[in-house]
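One-letter residues, chain by chain:
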Amino acid sequence: MKRLFDAIDGYFFARRGAWPFGLLRIAWAAVALAYFAMQWSDIAAYYSDAGFLPRDMAWLVTRTDWKFTVLSFNGEAWYAFAWYIALLASLACSMLGIFPRISTIVGYVLMASFHERNPMTLGGGDTVLRNVGFILMIAPGIHALSLGRLVTQYRSWRTTRTLLPPITMPAWPARLLLWQLLVIYISSLWWKLLGTMWIDGSAVAAALHHRVFLHWNYTFINLLMPLASTATYATLVWEASWLTLLVPASLWKRLPVISRYSPKRWVLLGGVVFHGSIAIIMDVGSFPFALLGAYLGLLDDGDRAWLKRSLDQRQPHPIVVLYDGSCRLCRRSAFVLALLDAFAHVKLVDFRNERAKNAVAPHLDESQLDLAMHILLPDGSVRTGYDAFRFISWHLPLLWPTAPLLALPGISHLGRIAYRWIAQNRQKCSHDRC
């Protein structure tokens, strides 16, 4: 009996990194903000008495019991627009992590208020956003990856030259999110199997030709038709595969042959392909983006460790970065590198600390190091200045989007000039400001 209680306690309350829910908060707020911003010119038409659904007629299309919306107190267009601005502001603050708890709660309440005021404008993505927003509203740890956390991290870095330990949270919010997604996909599978078009393989072809969802011309859509039947059955198999996430991890590891593969990663990869394809080919609003954002909350520390092992095969030893610990600008730059180094591919060393410097690069003279940032590669070679930063950008995943731009011939030349000017004037910084 004790083992059973311990298993239940571990399932709901085992500590895990809060970073997935930090990512989930950012994605949820970004998707909601983007799609509400598109309604800028339609607020009066959708949510005021001057539009097509005045409050005295709302009972025809909305429920009357257990209903709350801040838009029920006044039907003027200016009143709806004022709450709309507040909604956009709260979602922006939630995305950036400015008072994340308060801004997420306000964003959720206002989102639900607009949805309750006029459900005729809603789609499946709006329901997903509302459900995910509710989980975020009550979940601990959503201040991970927030601006507030960034300020706290920098205060620690200024005094200790180390980052704070990662924020942790109990597992139950991730469990709630998983169950919500299971309900979505398994109920979708059930209703598909009750009809005939999914059974005979024609459902995807019909959906792609539907005028409401048409995103491209029929000439392009017809080119996809040889794949339509396969895509129909693949969708059914993929939705059914979500049931594998109900299998306990301890039992899954005992299965032969497939035990080393994580079903969750394969299911999520299938979801990325499925919803990504829908987002590209069809016009279905926020639905694919809301669900792809929800996937971020299902990640955990095991996924991060798996990705780190994969990246470590490419870069098994850390790159040593030698920076000037007496320079305020250099310390801030080192702090940014430490934040971006999510997989420990960089080792920061203050070359003003003689013992630390000699432990990694005794052959480099301090006068040389004072001219520019130096990095020491695992093969013993050294790169400096702009070229050093450009090399690092290829080895930190969060900098990969900028790496190709930094390698362009014109950008490289300007970058070296800018770096030399900054390096020569960096000591003019005072009180952590330049």
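What you see is a predicted model, and the numbers here were worked out from it, not measured in a lab.

1. Overview of the pattern of salt bridges
Here the idea is simple: oppositely charged side chains can pair when their charged atoms come close.
Line of reasoning, step 1. Overall, the coordinates contain nine salt bridges when judged by the stated rule.
Line of reasoning, step 2. Here R352 and D324 are joined by a salt bridge, their closest N and O atoms 2.7 Å apart. In this pair, R352 sits in the loop between β4 (346-350) and α18 (354-360) while D324 sits in the loop between β3 (319-323) and α17 (328-340), placing the two residues 28 residues apart along the sequence.
Line of reasoning, step 3. Within this structure, K264, R265, D300 and D303 form a network of salt bridges that share partners.

2. Description of the packing of aromatic side chains
Line of reasoning, step 1. For the structure on display, the rule yields 25 aromatic pairs.
Line of reasoning, step 2. Here Y35 and F289 contribute two aromatic rings whose centre-to-centre distance is 6.3 Å and whose plane-to-plane angle is 35°, an arrangement assigned as tilted. Taken together, the positions of Y35 in helix α2 (residues 19-37) and F289 in helix α15 (residues 287-295) put the pair 254 residues apart, joining distant regions of the chain.
Line of reasoning, step 3. With relative accessibility at 24%, the residue Y35 sits in the partly exposed group.
Line of reasoning, step 4. Between Y185 and W238, the aromatic rings sit 4.8 Å apart at their centres with planes inclined by 70°, giving edge-to-face as the arrangement. With Y185 in helix α8 (residues 172-194) and W238 in helix α12 (residues 225-241), this residue pair connects regions lying 53 residues apart in the sequence.
Line of reasoning, step 5. Looking at W238, the relative accessible area reads 10%, which means it is buried.
Line of reasoning, step 6. Members of the aromatic cluster, each reached through a chain of ring pairs, are F36, W40, Y46, Y47, F52, F81, Y84 and F114.
Line of reasoning, step 7. Across the ring face of Y11, the terminal group of R175 is positioned such that the distance to the ring centre comes to 4.0 Å.
Line of reasoning, step 8. The ring of W198 has K192 lying over it, and the distance from NZ or CZ to the ring centre is 4.9 Å.

3. As for the nonpolar core
Line of reasoning, step 1. Judged by nonpolar contacts, the single largest core of 49 residues is most densely connected at F21, W28, F36, V132, L181, Y185 and W242.
Line of reasoning, step 2. Sorting the residues of this core by element identifies α2, α3 (43-47), α4 (77-96), α5 (100-117), α6 (124-138), α8, α14 (263-281) and α15 as the ones contributing at least two each.
Line of reasoning, step 3. Looking at which element gives the most residues to this core, the answer is α2, with eight residues.
Line of reasoning, step 4. With near-sequence residues (within four places) excluded, Y185 lies in contact with W238, E239, W242, H275, L291 and Y295.

4. A look at unusual backbone geometry
Line of reasoning, step 1. Of note, L145 is a non-glycine position whose phi angle comes to about 60°, a positive value.
Line of reasoning, step 2. Checked against the element boundaries, L145 lands in the loop between α6 and α7 (147-160).
Line of reasoning, step 3. With phi around 55°, A344 is a residue other than glycine that occupies positive phi space.
Line of reasoning, step 4. With respect to the helices and strands, the residue A344 is situated in the loop between α17 and β4.

About the thresholds
Residues numbered from 1 in each chain as written. Predicted model: local features only at pLDDT ≥ 70, side-chain atom pairs only at ≥ 80, totals over all residues. Heavy atoms only, no water. Salt bridge = Lys/Arg side-chain N within 4 Å of Asp/Glu carboxyl O. Helix = DSSP H or I, 4+ residues; strand = E, 2+ residues; numbered from the N terminus. Phe/Tyr/Trp six-rings, centres within 6.5 Å; stacked < 30°, edge-to-face > 60°. Buried < 20%, exposed > 50% of the residue type's maximum accessible area, 1.4 Å probe, protein only. Lys NZ or Arg CZ within 6 Å of the ring centre and 35° of its normal. Core = buried A, V, L, I, M, F, W, Y, C linked by side-chain atoms within 4.5 Å. Contact = heavy atoms within 4.5 Å.

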